[in-house]
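# Examining the three-dimensional arrangement
Here's the letter readout for the chains.
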Amino acid sequence: KTTKKLREYLESEWLKFKLEVEAGEYITPEKMTFAAFIEEWRTKYAEKQLAPKTLKEYLGHIRNHILPALGHKRLDEIKPMHIITLLDRLSNPGSRKDDRGQMLSGRTIQYIYSVMRNIFAQAESWKLIKSNPIKEIKKPKAEKKKAQFYEADEAQEVIKALNEEPLMWRLLILGAIIGGFRRGELIALEWPQVLFAENAIHIKKSIPLTADGKVYEKEPKNGEDRIVQMPGWYMEEMRRYHLQWREEKMKIRDRWEGGDREYVFHAGYGKPLYFTYPSEWWSKFVKRHGLRYIRFHDLRHSSATLLIHQGASLKAIQERLGHKQHQTTADIYAHVTKQVSRDLADKFDQFDPKKQSI
């Protein structure tokens, strides 16, 4: 830059600095703790840029794992070894803080690593640190877990047990097993998206989070809606439930809290179910009926697995489940398709020359 332009640039930067100081917004990096920076990061970046569910998950990991290790340190004093030590401790027994076991999964540790990358990237872009301590640290490895699922006979046991449950819950769980719907997609489902004439469900939105009494709606994962064909018997059950739903709404009248929204699966007064409640209900249901437990999300995997065993193509399953990439479907169900291929190959054992009669 020329001397004149350099002077103008410096004067402009000085003016910005002066305004920050006068407004009480400036904190010297030498005095800023990591905990203090987190507050700056939260209000000036995270709350404006991150989705509500993502923000909640980030803040949970920051509170439970990152701040206890780094919060007291000055931002500019944090070195790569501090982060390496933290990541190492996360893999030790007792690192989990939610009473769901002792150990954090490898995927969770990877997520915490990603949270720290985000935080330090902002500190670097805001010129609060000269070097990013996590930049050269590689992402921790995590063992890739196979998707859990029910075999056909187990799925039949679940469906039989569901016949003893309220119609609403039967249809919600069957929506996951048969339709492959995600939990948030089921919670967000409204009657106009139940296409009785076509025996289909139109997935247009999802509710991934409920916080402070507020429901957060968004597009389905991958941002694409889809129409999923359903069995005729399921849609007949849905018709019967629709009549019950309307009668219930008429009965409670002024106590209806759903407004003009028509959530199919509601908590009694028209408002959608709390976003984690289907998983909680499912866990109690499995225990009540003595069934093998798999996560609510694994019901979706069961849907795909049952279809693969029936000969459905991965392309058809990709579209039904709403996977954006074919490779995603192929990766998740690779072990299932290999087993099906093996079973098909075994059908030719009868032609083994050693087994042929002379």
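First, a word on what this report is: a plain description of the structure on this page. Values in this document were obtained by computation on a predicted structure and should not be read as measured data.

### Some remarks on the overall build of the protein chain
- The number of helices and strands found in the protein chain is 14 helices and 5 strands.
- Here the protein chain holds 358 residues, and the buried ones make up 40% of them.
- Long-range pairs, those at least 24 residues apart, make up 63% of the contacts in the protein chain between residues at least 6 apart in sequence.
- Within the structure as shown, the protein chain displays about 21,900 Å² of accessible surface, and the carbon and sulfur contribution to it stands at 51%.

### Some words on unusual backbone geometry
- Of note, the phi angle at Lys 127 is positive, near 65°, even though the residue is not glycine.
- Summarising the element assignment, Lys 127 is placed in the loop between α5 (106–125) and α6 (152–162).
- Take Lys 127: its relative accessible area is 69%, and that puts it in the exposed class.
- The phi angle at Asn 222 is positive, at roughly 75°, despite the residue not being glycine.
- With respect to the secondary-structure elements, Asn 222 resides in the loop between β4 (214–218) and β5 (226–229).
- For Asn 222, a relative accessible area of 34% gives the class partly exposed.

### So, the pattern of salt bridges
- By the definition in use, this model includes 17 salt bridges.
- Between Glu 77 and Arg 74 there is a salt bridge, and its shortest N-O distance comes to 3.6 Å.
- Its relative accessible area of 39% is what places Glu 77 among the partly exposed residues.
- Glu 237 is the partner of Arg 240 in a salt bridge, and the nearest nitrogen-oxygen pair spans 2.9 Å. A residue pair is termed a helical-turn pair when its members lie 3 or 4 positions apart in one helix, as Arg 240 and Glu 237 do in helix α9 (residues 232–252) at 3 residues.
- Salt bridges here are not isolated pairs; linked through shared partners, they connect Glu 190, Lys 205, Glu 217 and Arg 261.

### A few points about the packing of aromatic side chains
- All told, the structure shown has 17 aromatic pairs when counted by the stated rule.
- Relative to Trp 126, the ring of Phe 37 lies with its centre 5.9 Å away and its plane at 70°, an arrangement referred to as edge-to-face. Of this pair, Phe 37 sits in helix α2 (residues 34–49) while Trp 126 sits in the loop between α5 and α6, placing them 89 residues apart in sequence.
- According to the relative accessible area criterion, Phe 37 is buried, its value standing at 0%.
- A relative accessible area of 32% places Trp 126 in the partly exposed class.
- With a centroid separation of 6.3 Å and 80° between ring planes, the pair formed by Trp 233 and Tyr 234 is classed as edge-to-face.
- Of the residues examined, Trp 233 reaches a relative accessible area of 45% and is grouped as partly exposed.
- For Tyr 234, a relative accessible area of 1% gives the class buried.
- Ring pairing ties together the aromatic residues Tyr 150, Trp 169, Tyr 277, Trp 281, Trp 282 and Phe 285, which thus form one cluster.
- Of note, Arg 288 hangs over the ring of Trp 281, and the distance from its end group to the ring centre comes to 5.8 Å.

### With respect to a nonpolar patch on the surface
- On the surface, a nonpolar cluster with roughly 280 Å² of combined accessible area is contributed by Leu 6, Tyr 9 and Leu 10.
- Relative to the elements of secondary structure, Leu 10 occurs in helix α1 (residues 3–22).

### Focus: empty space enclosed by the protein
- Overall, the coordinates contain 1 cavity of 30 Å³ or more when judged by the stated rule.
- Around the largest cavity, the lining residues are Glu 185, Ala 188, Leu 189, Glu 190, Gln 193, His 202, Ile 203, Lys 204 and Lys 205.
- Elements with a contribution of two residues or more to the lining of the largest cavity: α8 (183–188) and β2 (200–203).
- Among the residues forming the lining of the largest cavity, the class breakdown is 3 nonpolar, 2 polar and 4 charged.

### Some remarks on the side chain of Glu 165
- Position of Glu 165 relative to the elements: it lies in the loop between α6 and α7 (167–179).
- A residue is classified by how much of its surface remains accessible, and Glu 165, at 11% relative accessible area, is buried.
- Within the structure, the side chain of Glu 165 is placed 3.1 Å from the side chain of Arg 288, a separation counted as a polar contact.
- Those residues in contact with Glu 165 that lie beyond four places of it in its chain are Arg 170, Trp 281, Phe 285, Arg 288 and His 289.

### Describing helix α12 (residues 314–321)
- Considered for burial, the residues of α12 that qualify are Ile 317, Gln 318, Arg 320 and Leu 321. For α12, the angular spread of buried residues about the axis comes to 165°, placing them on one side.
- Taken together, the buried residues of α12 touch α7, β5, α11 (296–309) and α13 (326–332).
- Positive backbone phi, approximately 85°, marks Gly 322, located one or two places after α12.

How each quantity is defined
Residues numbered from 1 in each chain as written. Predicted model: local features only at pLDDT ≥ 70, side-chain atom pairs only at ≥ 80, totals over all residues. Heavy atoms only, no water. Helix = DSSP H or I, 4+ residues; strand = E, 2+ residues; numbered from the N terminus. Buried < 20%, exposed > 50% of the residue type's maximum accessible area, 1.4 Å probe, protein only. Contact = heavy atoms within 4.5 Å. Areas by Shrake-Rupley, 256 points an atom, 1.4 Å probe, with all protein chains shown as cover. Salt bridge = Lys/Arg side-chain N within 4 Å of Asp/Glu carboxyl O. Phe/Tyr/Trp six-rings, centres within 6.5 Å; stacked < 30°, edge-to-face > 60°. Lys NZ or Arg CZ within 6 Å of the ring centre and 35° of its normal. Patch = residues over 30% accessible without salt bridge, like charges linked within 9 Å, V, L, I, M, F, W, Y side chains within 5 Å. 1 Å grid on protein atoms, 1.4 Å probe; cavity = no way out; pocket = protein on both sides within 12 Å on 5 of 7 lines; lining within 4 Å. Points joined across faces, edges and corners; volume = space filled by probe spheres on them. Nonpolar A, V, L, I, M, F, W, Y, C, P; charged D, E, K, R; others polar. Polar contact = N/O pair within 3.5 Å; in protein donor to acceptor, adjacent residues only side chain to side chain. Arc of directions from axis to C-beta.

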